[in-house]
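Summary of the model geometry
Letter by letter, the chains look like this.
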Amino acid sequence: MRIDIITVSPELIKSPFEFSIIKRAIDKNLVEVYFHDLRTYALNDYGKIDDYQFGGGAGMVLMIEPIDKCISKLKEERTYDEVIYMTPDAPTLNQQTANTLSLKENIIILCGHYKGVDQRVRDLYITREISIGDYVLSGGELGAAVLCDTIIRLIPGVLGDETSALTDSFQDNLLSPPVYTRPSEYKGLKVPDILLSGNFPKIEDWRNEQSFERTKKIRPDLLED
Ligand code: ADE
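Counting restarts for each chain: residues are numbered from 1 in the order of the written sequence. Only residues with pLDDT of 70 or above have their local features reported here, since the model is predicted, and side-chain atom pairs are shown and tallied only from 80 upward, although totals for entire chains, interfaces and linings are computed over all residues.

**Structural notes on the overall build of the chain**
Defined as follows: Starting at the N terminus, helices and strands are each numbered in turn, a helix being any DSSP run of H or I of at least four residues and a strand any DSSP run of E of at least two. Neighbour density around each residue's C-beta defines its exposure: 20 or more other C-beta atoms within 10 Å make it buried, 12 or fewer make it exposed, and counts between make it partly exposed, where C-beta atoms are placed from the backbone.
The helix and strand tally for the chain stands at nine helices and nine strands. With respect to the principal axes defined by its C-alpha atoms, the chain has extents near 70 × 40 × 35 Å. When each of the 225 residues of the chain is scored for burial, the buried share is 24%.

Structure, rendered in C-alpha cells:
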C-alpha cells in the first residue's frame, strides 16, 4: 500500500510514522508513506496557498490551484483508489472504514487547515471525507495520523500476531473484554479465576459475556445497529 499525504505542516504529522508498529510496517515495505508540502505548489515565491473567503467571514481558505497541481501530479504518476479529505464536517471514522481502506492499493489524504479547502476541491477530487470525532482540530494532520494508524495496523504482516487485530474492540461492534497479566494477585486484587482455569471454551464464553456487558454499559449505541 502507498499513502500520499498532502499537508501545509509536514513536520506536524511525520513523527507518528517514526515509531513502533507503523515504523516497522514502513521498514518491512508493507506500506510506503510520502508527505507533500502544499507550499511547494504555491502560487508565488512567498508560498501563497490560502486566501480570504468570498462572501466575507473569519479564517483563510486553502486555494484550489496548489491542491490541484499537487493531486494532478500524483495522479499522473499512478492510479489512486481514494482521495480522502480530513475535515470535521464529515462522517466519523470507524473500524469498518479502516477495514475497507486497509484493502486499497494507493490513497491520497488531504489535510484541511484554517477554514478548510475551497469547496471545488471537494467537488472535483475527493472520493471520501473523514472526521475523527465531533470536535475541531487545528488542522487535518493529527486526524490523518490517526487514520493512517488504524489502516496500517490492519495490513497483513504488520502486527506480529495475525489474529490480534481481529479481536480488537469494534471489530464486531463490541468493546474488548478486560485483560490481565502476571501477577495473578496484586495488593489483594485477583485475576478472575476463569482466566486461570485452562478451560478455553469457557474462557471464550466469559470474554464474549464481558464484551457484551461492557458495551451495554459504556457504548450502548453500538448495540443499536
Ligand atoms: N480537521 C479539523 N478537525 C478535524 C476532525 N475532527 N477530524 C478530521 N479532520 C479535522
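**Here we look at helix α3 (residues 64-77)**
Every α-helix carries 3.6 residues per turn, so stepping three or four residues along brings you back to the same face. This is how the line gets drawn: Under the convention used throughout, the expected extent of a helix is 1.5 Å for every residue step, that is, one less than its residue count. Taking the helix axis as origin, the arc is that swept by the directions to the C-beta atoms. By definition, residue pairs are in contact when their C-beta atoms, positioned from the backbone, come within 7 Å.
With 14 residues, α3 extends 20 Å from end C-alpha to end C-alpha; this agrees with the ideal 20 Å at 1.5 Å per step. Listing the buried residues of α3 in full gives Pro 66, Ile 67 and Ile 71. The arc that holds the buried residues of α3, viewed along the axis, is 120°, so those residues lie on one side. Opposite the buried face of α3, by more than 90 degrees, sit the exposed residues Ser 72, Lys 73 and Glu 76. Those residues of α3 that are buried are in contact with β1 (2-7), β4 (60-62), β5 (82-86), β6 (106-111) and α5 (119-124).

**Here's the deal with unusual backbone geometry**
A cis amide bond links Arg 182 to the next residue, Pro 183, at an omega of 5°. As for its placement among the helices and strands, Pro 183 is situated in the loop between α6 (141-152) and β8 (185-186). At Asn 29, a position not held by glycine, the phi torsion is positive, near 60°. Checked against the element boundaries, Asn 29 lands in the loop between α2 (20-27) and β2 (32-37). You can call Asn 29 exposed: it has 8 C-beta atoms within 10 Å.

**As for the UniProt feature "binding site: S-adenosyl-L-methionine" (unreviewed entry) in the chain**
The line we're drawing: UniProt positions are given in the numbering used here, feature names are shortened, and annotations may be inferred rather than shown by experiment.
The UniProt record annotates "binding site: S-adenosyl-L-methionine" (unreviewed entry) at Gly 112, Ile 132, Gly 133, Asp 134, Tyr 135, Val 136 and Leu 137. On the basis of neighbour counts, which here come to 7 C-beta atoms within 10 Å, the residue Tyr 135 falls in the exposed class.

**Focus on the site of the ligand**
As a reminder, the rule being used: Only the C-beta atom matters for this test: placed from the backbone, it must lie within 6 Å of a molecule or strand for the residue to be near it. Under the scheme applied, nonpolar residues are Ala, Val, Leu, Ile, Met, Phe, Trp, Tyr, Cys and Pro; charged residues are Asp, Glu, Lys and Arg; polar residues are all the others, including Gly.
Within the structure, the ligand sits among 13 residues, and Met 86, Pro 88, Ser 131, Leu 137 and Gly 143 are positioned closest to it. Within the shell around the ligand, the residues separate by chemical class into six nonpolar, seven polar and no charged.

**Looking at the sheet that holds strand β7 (residues 128-130)**
Basically, it comes down to this: Two strands pair if DSSP finds at least two bridges between them. Note on definitions: angles span 0 to 180 degrees between N-to-C directions of axes, and those axes are lines fitted to C-alpha atoms, for helices only across the stretch in contact.
Spatial ordering of the open sheet is given by β2-β1-β6-β5-β7, a layout of five strands whose pairing is parallel. On the outer flanks of this sheet lie β2 and β7, each paired with one strand and no other. Taking the axes of each pair of neighbouring strands and ignoring which way they run, one obtains an average angle of 20° across the sheet. Looking at chain direction, β1 and β6 are connected through five bridges and run parallel. Bridge pairing in β6 places Ile 3 opposite Ile 107.

**A short note on the environment of Pro 183**
For Pro 183, a count of 10 C-beta atoms within 10 Å puts it in the exposed group. On a C-alpha basis, the gap between Pro 183 and Asn 106 in space is 45 Å, while along the polypeptide they are 77 residues apart.

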